[in-house]
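# Structural characterization, general
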Amino acid sequence: GSGRPRGIFDLEARQHRLTQLETRTQDPGFWDDQQDAQRVLREADALRTELETWHGLAGRVEELLTLRALIDESGDPELDAELDRDGAALAADFDRERTQLMFSGEYDDHSALLTISAGAGGTEATDWAEMLLRMYLRWAERHRFKTAILDQQEGEQAGIKSATVSVDGRAAYGWL
């Protein structure tokens, strides 16, 4: 692994690491090594985003618990239905973030390049490659990743011979 803290219960360790990195940015010689400085800033930014996400999820849980108490007192079925919707959305967001904790590979936090090649198989292979391309583009859209087709070679009769797509966003490589 990359030595990055893992698991849902180590937010304190992540906060401590962020504090260490922020302290380093105050050192007089911080910018002497531009590459290291950029690495430190990227790591700090990623930690800041992660901490904000988890604190935001915790805040949403508190709001839903408060709303649950109010609904139990009032018995309002409309509010109960709203709570169910909000709870389902929160559970989906939590599951996504929990899954992301498993990404400990060196490049998991990065964006990615995806290449699809039809290979041998004629028209059926080029059709299949085009279907795969559409599938991955839709998947990326659902996960709120930004995509750009960098290169695409059309098939002789139908479909595509190959395509290269950039997939940009938090942990796109890990998700792919």
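No experiment lies behind these values; they were computed from the predicted model shown. (Residues numbered from 1 in each chain as written. Predicted model: local features only at pLDDT ≥ 70, side-chain atom pairs only at ≥ 80, totals over all residues. Heavy atoms only, no water.)

For the rest of this paragraph, the subject is the side chain of Glu 50. Here Glu 50 is to be found in helix α2 (residues 34-74). In this view, Glu 50 contacts Arg 14, Leu 101 and Arg 170; residues no more than four positions away in its chain are not counted. (Helix = DSSP H or I, 4+ residues; strand = E, 2+ residues; numbered from the N terminus. Contact = heavy atoms within 4.5 Å.)

This prediction gives the protein a mean pLDDT of 85; 94% of its residues lie at or above 70. Low pLDDT, under 50, characterises residues 1-8; the predicted model gives this stretch 18 contacts beyond four residues in sequence or across chains. (pLDDT = per-residue confidence, 0-100.)

This part covers the sheet that holds strand β1 (residues 112-117). The strand order β1-β3-β2 describes an open sheet built from 3 strands, whose pairing is antiparallel. Each having just a single partner strand, β1 and β2 (146-154) make up the two edges of the open sheet. Averaged over all neighbouring strand pairs, the angle between strand axes comes to 15 degrees, with direction disregarded. Of the pairings in the sheet, the one linking β2 to strand β3 (residues 160-168) comprises 8 bridges and is antiparallel in character. (Pairing = 2+ DSSP bridges. Axes fitted to C-alpha atoms, helices over the stretch in contact; angles between N-to-C directions.)

Side chains of Glu 63, Glu 78, Glu 82 and Asp 86 sit close together on the surface and give a patch of like negative charge. With 3 residues, helix α3 (residues 77-100) is the single largest residue contributor to the negative patch. Tracing the backbone shows Asp 86 in helix α3. A relative accessible area of 33% places Asp 86 in the partly exposed class. (Patch = residues over 30% accessible without salt bridge, like charges linked within 9 Å, V, L, I, M, F, W, Y side chains within 5 Å. Areas by Shrake-Rupley, 256 points an atom, 1.4 Å probe, with all protein chains shown as cover. Salt bridge = Lys/Arg side-chain N within 4 Å of Asp/Glu carboxyl O. Lys, Arg positive; Asp, Glu negative; His and termini not counted. Charge placed at Lys NZ, Arg CZ, Asp CG, Glu CD. Buried < 20%, exposed > 50% of the residue type's maximum accessible area, 1.4 Å probe, protein only.)

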